[in-house]
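Chain residues, written in single-letter form:
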Number of protein chains: 2
Amino acid sequence: MSGGKHLAKGSTKPILPDDGVLRIYSMRFCPYAQRAHLVLSVKQVPHHSIYINLTEKPEWLVEVSPLTKVPALELVSEPGQPTLIESLIIAEYLDEKYPQNPLLPKDPLRRALDKILIERFGAVTGAYAKIVFSDAGTDDLWQALDIFEAELAKRGTQYFGGDKPGFVDYMIWPWFERLPVLKFLVKENYDLDEKRFVKLSKWIALLIDDAAVKSFYVTPEQHIEFWRTRKAGKANYDLLA
Amino acid sequence: MSGGKHLAKGSTKPILPDDGVLRIYSMRFCPYAQRAHLVLSVKQVPHHSIYINLTEKPEWLVEVSPLTKVPALELVSEPGQPTLIESLIIAEYLDEKYPQNPLLPKDPLRRALDKILIERFGAVTGAYAKIVFSDAGTDDLWQALDIFEAELAKRGTQYFGGDKPGFVDYMIWPWFERLPVLKFLVKENYDLDEKRFVKLSKWIALLIDDAAVKSFYVTPEQHIEFWRTRKAGKANYDLLA
C-alpha cells in the first residue's frame, strides 16, 4: 500500500481500505520480515504490505507496533485490532490460524524438535551478523551450518519439512538467500563449499525454485547493492520499488 | 535420582530404571529449569530429576544434552530417546503432549499474544541479570515490570491465565520468586513498590500459594544464601539436598 516504497519519518500513516485484510509492516531486505512474507505466501493469505524505512522510522509506526519493530502483523478484523510482533510468533500464528498448507508438524515432539533446530539457527544468524557488521571471519558460520547439513542427512529428506518445504525451511531460508552478500563483504572466498555442504547445496537449489521463495526473492546482485548502500550509511530501501 | 545432589565433573552417569519415565536434567536454583519443573508439576507428569553442577559439569552430560544445557528433558520412551532443550520449548511440548490442566490458550491469537508477552519478559530477565551480574541499578527492572502490571489491568483477571495460573504465569514466576535476592545484592531499597505494582503484588501473593509453585518453592533466605555462595565463587548447589 506504499507501492513498495519505504515510509519514513515525516510520512503520513497510509490510509487503507476498511477491508479487514491483514496488514504487514515490513522492510524489503529484512530477513526476519521475509519469514512472515514467506508464510503469508505459502498460505496464500491476502494482506497489505507497508514498508518501513528503518533508519528514519515514521512517527506513526509506534501506533501499530509499540516497540516500532518490524515485522509487525496488524489483525484489523480482530477486536481491538491487535498487532503481533516477533517473526517466529507471527509465522506460527499464521500456521495455526490458516490451516491450509500446514508448515509445523502436528506431533508435539516433532514440533519441539523443529523449534529447537530453529533456535540453534541462532548460531548461523549470529555468525552472519558478526561477518557483516563486525568484519568477523566465516569459520563460525560454516561450523554453525554443519549442524544443518548433518540434520538433513539425519532426516533423510530433501527438505527439513520432508518431501516439501516446512516451517524450518522457510524460517532459515532468508539467510541462505543472503549468503552471496558475503562475496561483497568478505575478502576470503565466501562460497558455500559444495563438498562440505552437499545436501545444503542441493537444498538451496530446490528452495530457489520454490513458489513462495520466488514470490519474495531478491537476487544476489540486489542484496549486494542494498548492502553496499547500507555500508555507505545511505541504505537504499527503495531499490526494488 | 541424585538425591537432590548436583552431579559434577568426575561423577558417574546415574543409572536409572528402564521405566520409560521422563528425565529432567536441571539445576535447583536455575529459573529456566524451574519453568520446566512447574509445568511437570501442573501436569502431574512422573519424572526423574537429575541435578547438574553447572560450574563443573559432568563429562557425561554431553551425551544427553549435546550443548550441555539445562533444563534438558530426555524422552526415554520415544524412539532414539531424544532430548529437548530450551525452557519455553520444553514447557510448550509438555503442554501439548499432556493435555490435562492446559496452560496455553487454544486460540491462535491468544497463544500468540501470550508468547509475545513472554518475549517481552526478556526485558525483566535482562534487567535482573544486569543487577545481579553487573551491579546495575533497579530502574530498568521496574520499568520492564510496568508492562506486566498494565497487562494484568488490561486483562482484568487475577492471573495472566485468567481465573487460574496459565502459561505466562508459570513462565515468568521464577524471577518474582528471586526478587528478594536483590535485597542482598542491591544497596538501594529493592522492594517491589506495592503502590506502583498493586496488581503484581496481589499476583505474587496468590502464586506463592499455588500448589505447583509450592512444589518447587525456594524461600527468600535460601535464594539469598545460594547467591551469597555463588558471588563468593563457590556456588553451594546442594544447599537444599
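Residues numbered from 1 in each chain as written. Chains lettered and ligands numbered in written order. Predicted model: local features only at pLDDT ≥ 70, side-chain atom pairs only at ≥ 80, totals over all residues. Heavy atoms only, no water.

What about the overall build of chain A?
No. 1: When you go through chain A residue by residue, the secondary structure sums to eleven helices and five strands.
No. 2: Compactness check: chain A gives a C-alpha radius of gyration of 18 Å against a globular reference of 18 Å for 241 residues, within 12% of the reference.
No. 3: For the C-alpha atoms alone, the extent of chain A along its principal axes is close to 50 × 45 × 30 Å.
No. 4: Contacts spanning at least 24 positions in sequence make up 69% of the contacts within chain A whose residues lie at least 6 apart.
No. 5: Charge-centre separation for chain A: the mean point of 31 positive side chains lies 1 Å from the mean point of 32 negative side chains. (Helix = DSSP H or I, 4+ residues; strand = E, 2+ residues; numbered from the N terminus. Rg over C-alpha atoms; globule rule 2.2 N^0.38 Å. Contact = heavy atoms within 4.5 Å. Lys, Arg positive; Asp, Glu negative; His and termini not counted. Charge placed at Lys NZ, Arg CZ, Asp CG, Glu CD.)

Some details on the packing of helix α7 (residues 167-177) of chain B against helix α9 (residues 198-208) of chain B
All names here are of chain B.
No. 1: Direction vectors running N to C along α7 and α9 enclose 95°, while the axes themselves pass 11 Å from each other. Put simply, α7 runs roughly perpendicular to α9. Where α7 abuts α9, its residues Asp169, Ile172, Trp173 and Phe176 lie against Leu200, Trp203, Ile204, Leu207 and Ile208.
No. 2: Looking at the contact of α7 with α9 residue by residue, the classes come out as eight nonpolar, no polar and one charged. (Axes fitted to C-alpha atoms, helices over the stretch in contact; angles between N-to-C directions. Parallel < 35°, antiparallel > 145°, perpendicular 65-115°, else oblique. Nonpolar A, V, L, I, M, F, W, Y, C, P; charged D, E, K, R; others polar.)

Things to note about the environment of Gly137 of chain A
No. 1: Mapped onto the secondary structure, Gly137 of chain A falls in the loop between α5 (122-134) and α6 (139-155).
No. 2: It is 9.3 Å that separates the C-alpha atoms of Gly137 of chain A and Lys187 of chain A, two residues lying 50 residues apart in sequence.

Some points on α7 of chain B
No. 1: Burial runs high along α7 of chain B: eleven of the eleven residues are buried.
No. 2: Of all the residues in α7 of chain B, the buried ones are Phe167, Val168, Asp169, Tyr170, Met171, Ile172, Trp173, Pro174, Trp175, Phe176 and Glu177 of chain B. (Buried < 20%, exposed > 50% of the residue type's maximum accessible area, 1.4 Å probe, protein only.)

Looking at the sheet that holds strand β3 (residues 47-52) of chain A
All names here are of chain A.
No. 1: Read from one edge of the open sheet, five strands run β1-β3-β2-β4-β5, paired in mixed fashion. Among the strands making up the open sheet, the edge pair consists of β1 (6-7) and β5 (83-85).
No. 2: The pairing of strand β2 (residues 22-26) with β3 spans five bridges and is parallel. Paired with Ile24 across the strands is Ser49, a residue of β3. (Pairing = 2+ DSSP bridges.)

Let's talk about the interface of chain A and chain B
No. 1: The partner chain B presents 22 residues to the 22 residues of chain A that form the contact.
No. 2: Interface of chain A and chain B: buried area, both sides summed, is about 1900 Å²; carbon and sulfur atoms make up 74% of it.
No. 3: Among the residues of chain A in contact with chain B, Ile89, Leu109 and Ile116 of chain A are the three that bury the most area, contributing 26% of the side total.
No. 4: At the boundary of chain A and chain B, one finds four salt bridges.
No. 5: Among the ionic pairs, Lys115 of chain A bridges to Glu92 of chain B, the shortest N-O distance being 3.2 Å.
No. 6: Put simply, the parts of the chain that give the side of chain A that touches chain B at least two residues each are β5, α3 (87-97) and α4 (108-120) of chain A. (Buried area = accessible area lost by both parts, 1.4 Å probe. Salt bridge = Lys/Arg side-chain N within 4 Å of Asp/Glu carboxyl O.)

Considerations on the relation of the copies chain A and chain B
A rotation about an axis combined with a shift along that same axis relates the two copies of the chain.
No. 1: With an RMSD of 0.0 Å, the fit of chain A onto chain B corresponds to turning through 180° and sliding 0.0 Å along the axis. Both chain copies can therefore be described as sitting about a two-fold axis.
No. 2: When the interface residues of chain A are mapped onto chain B, 100% of them again fall at the interface, so both copies present the same face. (Least-squares fit on C-alpha atoms with pLDDT ≥ 70 in both.)

Things to note about the domain arrangement of chain A
Residues and elements named next belong to chain A.
No. 1: When the domains of chain A are assigned, the result is domain 1 (6-102) and domain 2 (108-209).
No. 2: Each of domain 1 and domain 2 has a C-alpha centre, and the two are 25 Å apart.
No. 3: In this complex, domain 1 contributes 13 residues to the contact, which on the side of domain 2 involves twelve residues.
No. 4: Overall, the association of domain 1 and domain 2 removes approximately 1200 Å² of surface from exposure, summing both partners, and the carbon and sulfur fraction of that is 61%.
No. 5: Contact with domain 2 buries surface across domain 1, with Gln34, Arg35 and Glu92 losing the most and accounting together for 37% of the total. (Domains from an automatic or database assignment.)

Digging into the sheet that holds strand β3 (residues 47-52) of chain B
Residues and elements named next belong to chain B.
No. 1: Taken together, five strands build an open sheet; the order of strands is β1-β3-β2-β4-β5 and the sheet is mixed. At either margin of the open sheet sits one strand with a lone partner, and together these are β1 (6-7) and β5 (83-85).
No. 2: Note that strand β4 (residues 72-74) and β5 share three bridges and pair antiparallel. What sits directly across from Leu73, in β5, is Leu84.

Side note on the pattern of salt bridges
All names here are of chain A.
No. 1: On inspection of all chains with the given rule, the structure shows 33 salt bridges over all chains.
No. 2: Note that Glu63 and Lys13 form a salt bridge whose closest N and O atoms lie 3.7 Å from each other. Of the two residues, Glu63 is situated in helix α2 (residues 61-64) and Lys13 in the loop between β1 and β2; the sequence distance between them amounts to 50 residues.
No. 3: As a salt-bridge pair, Glu78 and Lys97 come within 3.4 Å of each other at their nearest N and O atoms. Separated by 19 residues along the polypeptide, Glu78 in the loop between β4 (72-74) and β5 and Lys97 in helix α3 bring together distant segments of the chain.

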